[in-house]
Amino acid sequence: MKKEWWKEAVVYQIYPRSFNDSDGDGIGDLPGIREKVDYLDYLGIDLVWLNPVYDSPNDDNGYDVRNYRKIMDEFGEMRDWEQLLDELHRRNIRLVMDFVPNHTSDEHRWFRQSRESKETPYRDYYFWRKGNGEEPPNNWESIFGGSAWEFDDPTSEYYLHLFSRKQPDLNWDNPEVRQELYEIMNWWMEKGIDGFRLDVVNFISKDPDLPDDPEKGPYGSRGSKYYVDGPNVHRYFQEMNREVFADRDAVAIGETPLVSTEDGVKYVDPSRNELDMIFQFDHVTFDLNEGGFWAQPRDWKLTELKEILNRWRKLTSKTGGWNATYLSNHDQPRMVTRFGNDGEFRRESAKALAMLLLTISGTPFIYQGEELGMTNYPFSDISELRDVQTIQQFNEMKQKGKVESFDEVKEEVRFWSRDNARTPMQWSSEENAGFTDGDSWINVNPNKDQINVEREKEDENSVLQFYRKLISLRNEHEVLVYGSYKPFLKSDEEIFAFRRKSSKEATTTMLNFSAEKKDLTIPDELTGTESELLLSNYPTRDSELSDVISFRPYEARLYKWQ
Ligand code: GLC
């Protein structure tokens, strides 16, 4: 296994809008992040992934970029960004920028020119088509609801937008578009960044015929089979690699929703020179019911979750590929609410999930607030929501008469809405959790008095301290980075267990994923000589691995042995 800094890194994801506000306008900003660099250092992380900070009208919180070379006013200026980069680098923390290559804002210069006339050279930067009679060019649906096509008056044609109507899709089949994007990426690289997280990057190549889709896709929208892992995607990744990454020690992390295992494995196969790692989506879509985000999640079994995480590891290891591991981010429910227990066993289950994240193979991505055990938010009115996806889909259902009031979908929103992950970082029990002195752009979770950095810094049994221990254990034990990965007890519905092994040492991770007690006979291959308990989320006297262990609810243990 080739050694790389990004394989050894523990990543921390910052959603700038909700991290820390320095100027009291209620919106997090770059100087606000700079104030917290010491905290990042204290946590022990090595790499920051910053969600988009480019100039944007914020229809989708920065994923609608108006100018890729300018910082969003609300977040500060280029100088603030440069100072942040310096501060991070001074502490040996690297920085990965979020790059949005699939679409721009409709306010981007290219799109403004593109919509003016059919003759402009910018026309072909986007997808413009004539309607099908009175209907849009095809039946694709936006992932945020409604048709994926918007009629535009000036030229009486439609443009394609897989996300909101303010996010027109770029036409990657046009070589000029690709060159423009590589230039921007190189421009940022030259400023000294350490890589990119590439937004919905496996959507960039569309089937050129743009055919109707007879079926609804996994998010309930039509069209995905004609743009997910599309026809030229591998070619474009290889070209991007040559143009941007080849001569640099920088990392390419692909966000690849709905990626197939077949294509996903190719994306990260080092011999193909495409991407370094990807965020696969199987474990964040497997609990969707047919009603998607507007139905309760379906009941799932632990064996299903294990199968997904194990399958990706098995497949990528065949070619020396690598995994990006995450259990939550700015688009997903809070991990402890989704996979754990945000009631009685919040602390225990948040720690168990942390142990899974930081000891399984792959690079772990921690999403801000996860290290505190932050939970979903108890929304009770649509006016509390900010996410374009939730608001747009709710309005559409209302228009169609499918729902009358927010109460009917309250539970679903409380589970799925992306805003659950976007409530402000909880720094203290002060007003607004210490996030801002002004009026926060989105409500602060009412549990801020129990769950916050200040409190967890002082409590040696807090979730925060558990993360710090796990991060330092990962740094001390190379086996947790480069060791082989082998799952055990694959058909057990309560216990998630695996072994990491190198020529020098081995570790065993065992997690009880249930709120019940469970006695477990330890398989021989999970123990050896000189075993030692490295970490547990309960007080325990079993410092060595014994034959039978009685696990308490959400109990998690990490052992090392020879
Ligand atoms: C990605 C981002 C998400 C955004 C979408 C469109 O999935 O993570 O937040 O809305 O792309 O850019």
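Keep in mind that this is a model prediction, so the values were computed, not measured.

Engineer: Quick question: what am I supposed to make of the site of the ligand here?
Structural biologist: As a matter of local geometry, the ligand sits amid 14 residues, with Asp60, His103, Asp199, His330 and Asp331 nearest to it. Here Glu255 contributes a side-chain N or O atom positioned 2.9 Å from an oxygen atom of the ligand. One of the side-chain N or O atoms of His330 is found 2.8 Å from an oxygen atom in the ligand. For the ligand, the accessible surface in isolation is 300 Å², of which the surrounding protein chains cover 96%. Tallied by class, the residues present in the shell around the ligand amount to four nonpolar, three polar and seven charged.

Engineer: Just checking my understanding: could you explain the domain arrangement of the protein chain for this structure?
Structural biologist: According to the domain assignment, the protein chain contains domain 1 (5-106 + 169-465), domain 2 (109-160) and domain 3 (477-561). Placing the centre of domain 2 and that of domain 3 at their C-alpha centroids yields a distance of 55 Å.

Engineer: Even after reading the chapter, I still don't get the nonpolar core, so can you show me in this structure?
Structural biologist: As a rule of thumb, soluble globular proteins bury nonpolar side chains together. Membership of the largest hydrophobic core comes to 155 residues, with the highest contact counts inside it found for Trp81 and Phe196. The element that contributes the greatest number of residues to this core is helix H11 (residues 346-359), accounting for eight residues. Phe196 has contacts with Tyr54, Val96, Met97, Phe99, Met185, Trp188, Met189, Phe245, Val251, Ala252 and Ile253, leaving out every residue within four places of it along the chain. With 14 residues, the next largest nonpolar core counts Ile495, Met510, Ile522 and Leu533 among its residues.

Engineer: Would you explain the sheet that holds strand E14 (residues 484-488) in this entry?
Structural biologist: Sheet strands line up and pair through hydrogen bonds in the backbone, either parallel or antiparallel. What the five strands build is an open sheet, ordered E14-E15-E16-E20-E18; its pairing is antiparallel. Across the chains shown, the open sheet's two edge strands, defined by having one partner strand only, are E14 and strand E18 (532-536). Recorded for the sheet is a direction-independent mean angle of 20 degrees between the axes of neighbouring strands. Sheet analysis places strand E16 (residues 506-512) next to strand E20 (residues 556-561), joined by six bridges and oriented antiparallel. Paired with Ala506 across the bridge in E20 is Trp561. Helix H15 (residues 463-476) contacts E18 and E20 of the sheet and is inclined by roughly 140 degrees relative to E18.

Engineer: What should I look at first to understand unusual backbone geometry in this one?
Structural biologist: Most peptide bonds take the trans configuration, and most residues that are not glycine carry a negative phi. Although it is not a glycine, Ser156 sits at a positive phi angle of roughly 50 degrees. For Ser156, the location among the structural elements is in the loop between strand E7 (149-152) and strand E8 (157-160). For Leu489, which is not glycine, the phi dihedral falls at a positive 55 degrees. Turning to its location among the elements, Leu489 is positioned in the loop between E14 and strand E15 (495-501).

Engineer: Hey, could you run me through the packing of aromatic side chains in this one?
Structural biologist: Throughout the structure, instances matching the rule amount to 43 aromatic pairs. Ring centres of Tyr12 and Phe19 lie 6.2 Å apart, and the angle between their planes is 65 degrees; this geometry places the pair in the edge-to-face category. For the pair Tyr12 and Phe19, a shared accessibility class is recorded, and that class is buried. Clustering of aromatic rings is evident, with ring pairs tying together Tyr54, Tyr68, Trp81, Phe99, Trp110, Tyr122, Tyr125, Trp187, Trp188, Phe196 and Phe245. Taking the ring centre of Trp187 as reference, the NZ or CZ of Lys191 above it sits at 5.1 Å.

Engineer: Where do I start with the environment of Thr363 in this structure?
Structural biologist: For Thr363, the position within the fold is in strand E13 (residues 363-367). Looking at Thr363, the relative accessible area reads 0%, which means it is buried. Measuring from C-alpha to C-alpha, the distance between Thr363 and Phe75 comes to 28 Å, with 288 residues separating the pair along the chain. Contact partners of Thr363, with chain neighbours within four places excluded, come to Trp6, Lys7, Ala9, Val11, Met277, Trp322, Asn323, Ala324, Thr325 and Arg474. In this structure the side chain of Thr363 is engaged in a polar contact, spanning 2.7 Å, whose partner is the side chain of Trp322.

Engineer: Would you explain the pairing of strand E2 (residues 47-50) in this entry?
Structural biologist: As a general feature of sheets, a regular strand has side chains that alternate between the two faces. Alternating positions in E2 separate into two faces, Leu47 and Trp49 on one and Val48 and Leu50 on the other, with burial throughout. Sheet topology places E2 next to strand E5 (residues 94-99); four bridges connect them, and they run parallel. Note on E5: the bridge partner recorded for Val48 is Leu95.

Engineer: Just to check I follow, could you spell out a negative patch on the surface for this structure?
Structural biologist: On the surface, Asp381, Glu404, Asp407 and Glu408 cluster together to form a negatively charged patch. Relative to the elements of secondary structure, Glu404 occurs in the loop between helix H12 (388-399) and helix H13 (410-416). For Glu404, a relative accessible area of 67% translates into the label exposed.

Engineer: Just checking my understanding: could you explain the sheet that holds strand E6 (residues 128-129) for this structure?
Structural biologist: Here three strands make up an open sheet; going across it, the order is E6-E8-E7 and the pairing antiparallel. Each having just a single partner strand, E6 and E7 make up the two edges of the open sheet. Judged from the four bridges that link them, E7 and E8 form a sheet pairing that is antiparallel. Paired with Asp152 across the bridge in E8 is Glu157.

Engineer: Any chance you could explain the pattern of salt bridges here in plain terms?
Structural biologist: Once their charged atoms are close, side chains differing in charge can pair, the charge on each being opposite to the other. Per the stated rule, a full pass over the model turns up 47 salt bridges. Among the salt bridges present, the one from Asp106 reaches Lys166, with a minimum N-O distance of 2.8 Å. Of this pair, Asp106 sits in the loop between E5 and helix H5 (109-116) while Lys166 sits in the loop between E8 and helix H6 (175-190); the two residues are 60 residues apart in sequence, bridging distant segments of the chain.

Engineer: Explain the packing of H6 against helix H7 (residues 233-245) to me, please; I cannot follow it from the model alone.
Structural biologist: Each packed pair of helices is defined by two parameters, the angle between the axes and the distance between the axes. The geometry of H6 relative to H7 is characterised by a closest axis approach of 9 Å and an angle of 40 degrees between their N-to-C directions. Considering the angle they form, H6 stands oblique to H7. The interaxial crossing formed by H6 with H7 has right-handed handedness. Counted together, Arg178, Gln179, Tyr182, Met185, Asn186 and Met189 of H6 and Arg235, Tyr236, Glu239, Met240, Glu243, Val244 and Phe245 of H7 form the full contact between these two elements. Classifying every residue of the contact of H6 with H7 gives seven nonpolar, two polar and four charged.

Rules used throughout
Residues numbered from 1 in each chain as written. Predicted model: local features only at pLDDT ≥ 70, side-chain atom pairs only at ≥ 80, totals over all residues. Heavy atoms only, no water. Near = heavy atom within 4 Å. Polar contact = N/O pair within 3.5 Å; in protein donor to acceptor, adjacent residues only side chain to side chain. Areas by Shrake-Rupley, 256 points an atom, 1.4 Å probe, with all protein chains shown as cover. Nonpolar A, V, L, I, M, F, W, Y, C, P; charged D, E, K, R; others polar. Domains from an automatic or database assignment. Core = buried A, V, L, I, M, F, W, Y, C linked by side-chain atoms within 4.5 Å. Buried < 20%, exposed > 50% of the residue type's maximum accessible area, 1.4 Å probe, protein only. Helix = DSSP H or I, 4+ residues; strand = E, 2+ residues; numbered from the N terminus. Contact = heavy atoms within 4.5 Å. Pairing = 2+ DSSP bridges. Axes fitted to C-alpha atoms, helices over the stretch in contact; angles between N-to-C directions. Phe/Tyr/Trp six-rings, centres within 6.5 Å; stacked < 30°, edge-to-face > 60°. Lys NZ or Arg CZ within 6 Å of the ring centre and 35° of its normal. Patch = residues over 30% accessible without salt bridge, like charges linked within 9 Å, V, L, I, M, F, W, Y side chains within 5 Å. Salt bridge = Lys/Arg side-chain N within 4 Å of Asp/Glu carboxyl O. Lys, Arg positive; Asp, Glu negative; His and termini not counted. Charge placed at Lys NZ, Arg CZ, Asp CG, Glu CD. Parallel < 35°, antiparallel > 145°, perpendicular 65-115°, else oblique. Left-handed = near helix turned anticlockwise from the far one by under 90°.

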